[in-house]
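For reference, the chains in residue letters:
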Amino acid sequence: MPLSISNSNLRLPTGHCRKQWLLVIVFTVILVVIFELYLRSLGCMPQVKDSSSLWGYYRQECDRAETSNMLVSIGGSRPQAGLNPFLVASRTNYSNVVLLHQAGSSFIPTLRDIAYNTDYSGMIICSYHPLYFLYSMEEQQALVDFYHAKYNNSILTSLLTNIDTYLNLQLSSSLVINNINGISGIASKILSSKRSNMKKYPNRFMISETSLLEAMSKEQLSQYKKERAVAGVRFIVGNDVSIEDLPVDHDKWFACFREVLQLAKIIEDRGGKFIFVRYPISDDCRRYEQEKFPKELYWDEAARMSPVLMLHFQDIPGCENLSCFDGSHLSEENANIFTNRLIEELIKTGVMEPKLKIENDKAQGR
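Since we're looking at a predicted model, the values are computed, not measured. (Residues numbered from 1 in each chain as written. Predicted model: local features only at pLDDT ≥ 70, side-chain atom pairs only at ≥ 80, totals over all residues. Heavy atoms only, no water.)

(A) Region of interest: the sheet that holds strand 2 (residues 96–101). If you trace the five strands from one edge of the open sheet to the other, you get 2-1-3-6-7, paired in parallel fashion. One side of each edge strand has no neighbouring strand; the edge strands of this open sheet are strand 2 and strand 7 (309–312). If you compare each strand with its neighbour and ignore which way they point, the axes differ by 20° on average. Looking at chain direction, strand 1 (residues 70–75) and strand 3 (residues 123–127) are connected through four bridges and run parallel. Note on strand 3: the bridge partner recorded for Val72 is Ile124. Here helix 14 (residues 332–349) sits on the sheet in contact with strand 3, strand 6 (273–278) and strand 7, set at roughly 145° to strand 7. (Pairing = 2+ DSSP bridges. Helix = DSSP H or I, 4+ residues; strand = E, 2+ residues; numbered from the N terminus. Axes fitted to C-alpha atoms, helices over the stretch in contact; angles between N-to-C directions. Contact = heavy atoms within 4.5 Å.)

Here's what the structure looks like:
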C-alpha cells in the first residue's frame, strides 16, 4: 500500500483545528462572564477562600528583618471581625497589620512559634478568650506545621507555594464563580437566598453581614443568639460537652496563662510589645462566660499578676455596651467603633503613636 494513502486519514487541517479551539475558548469565556454577572445580580460577591496556605502566606511577614512597624493580631474569629486593620494602618505608626487568626482555636501555638522561631519585635495584640487557656490547641498548631513545611522549607517549595497562594488569592477575591465547588455549589448559589454572613478581605479581615437578621422577630433573634452561643462553645470544646457541664480547672488555667506570659516576655525582651485585649461579647455569650469564668476570678486576677498590658472592652470608654449581632462577633459598624476606641486607648497608654505625630516628626527631621 502506498505510504501517502495509509497516512492520508491521519492528517487534519491545522488551520481548521485552530479556529475550532479559538471558538471553544471564546465561547467558554462568554459563558463564564454571563454566569459571573448572573451570580452578582443575585447579590453574590467574590469571597476570599481562607486556608492554611493563606495563613502561612501572611505568617511570612513575621520573618522580615524589620518588624518594628508591624502589628500582628492573634486569636480566633472575634478579632478577625472586630479589629479593622485598615483603620489601624491609617491612624497609627503600625502600617503593616497581619491577621493570624483561626476560628475557634487557641492562639498559643501561633504565639509560641513567633516567640521561638522569629526575631519579631513589633506589636502583638492577643485576643483573650478564657476557653483558649484550656482547650483547642490543635488547629493553630496544624497551621504552624503547614507553614514550616511549605513556606519555611526548601526555596523551591516556598516559591511554588507562594505562587499558588497568590494566584488563588487573586482569583477568589475577583470572581464569584471561583468560590463554587461543583454542581451542588452552583445550585446552592442560584436557589438559596442565604448569603455568607462573613465577607473576607484578601488580608483575612472579615466583615459580618447582618442583613439576614433584620427580618427576624425579637424572639427569633434571641433564639438565634442562644444557639450561636452554645454552638460557639461546642466548636471549641467538642460537641459532647454541654455548657452546664463544662469542666473548668482554675489551677490549670493559670498555669497556662503563666506560660503565655513567658512567651510574651520573649517578645518584649527584644523590643516588641504584647497586649491582651478582651473583645466585646453580648447576650448569651456574655452570660455563659460570666457563669463559667467570672471576670473577677479570671480576668481581674490575671490582670493583677500580668506584667503586660491588658485591656477589657468593659474598661474602654464607649465600648462597655457594644452589642454583637450574634452575641460573639461585632458588626462592621461596631467593629469600627471598637477599633477606633482601642486605638485611642493604646495611644493614651503610650504603646501606639498617632500617624499625624509621626509625619510631623519626620517633617521636622526628628
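(B) Quick look at unusual backbone geometry. Here Arg204, not a glycine, exhibits a phi torsion of approximately 80°, which is positive. Note that Arg204 resides in the loop between strand 4 (198–200) and strand 5 (206–208). The buried category is assigned to Arg204, whose relative accessible area is 1%. Located in the positive-phi region is Asp283, a residue other than glycine, with phi close to 55°. Relative to the helices and strands, Asp283 resides in helix 12 (residues 283–292). (Buried < 20%, exposed > 50% of the residue type's maximum accessible area, 1.4 Å probe, protein only.)

(C) The nonpolar core, seen in detail. Within the largest apolar cluster, 50 residues are counted, with the highest numbers of intra-cluster contacts made by Val72, Phe107, Trp253 and Phe276. With nine residues, helix 11 (residues 250–269) is the largest single contributor of residues to this core. If you look at the next biggest cluster of nonpolar residues, it comprises 32 residues, including Cys324, Phe338, Leu346 and Met352. (Core = buried A, V, L, I, M, F, W, Y, C linked by side-chain atoms within 4.5 Å.)

(D) Representation of the packing of helix 3 (residues 52–59) against helix 7 (residues 138–150) in the model. Where helix 3 contacts helix 7, the axes come no closer than 9 Å and their chain directions differ by 70°. With respect to their mutual orientation, helix 3 and helix 7 come out roughly perpendicular. Read as a crossing pair, helix 3 and helix 7 show a hand that is right-handed. Counting all contacts with helix 3, which are made through Ser52, Ser53, Trp55, Gly56 and Arg59, the residues of helix 7 involved are Leu143, Val144, Phe146, Tyr147 and His148. Of the residues assigned to the contact of helix 3 with helix 7, the class counts are five nonpolar, four polar and one charged. (Parallel < 35°, antiparallel > 145°, perpendicular 65-115°, else oblique. Left-handed = near helix turned anticlockwise from the far one by under 90°. Nonpolar A, V, L, I, M, F, W, Y, C, P; charged D, E, K, R; others polar.)

(E) Structural view of the side chain of Gln80. By the element assignment, Gln80 lies in helix 4 (residues 77–82). A distance of 2.7 Å separates a polar side-chain atom of Gln80 from the backbone oxygen of Arg204. In contact with Gln80, not counting residues within four places along its chain, are Asp50, His101, Arg204, Phe205 and Met206. (Polar contact = N/O pair within 3.5 Å; in protein donor to acceptor, adjacent residues only side chain to side chain.)

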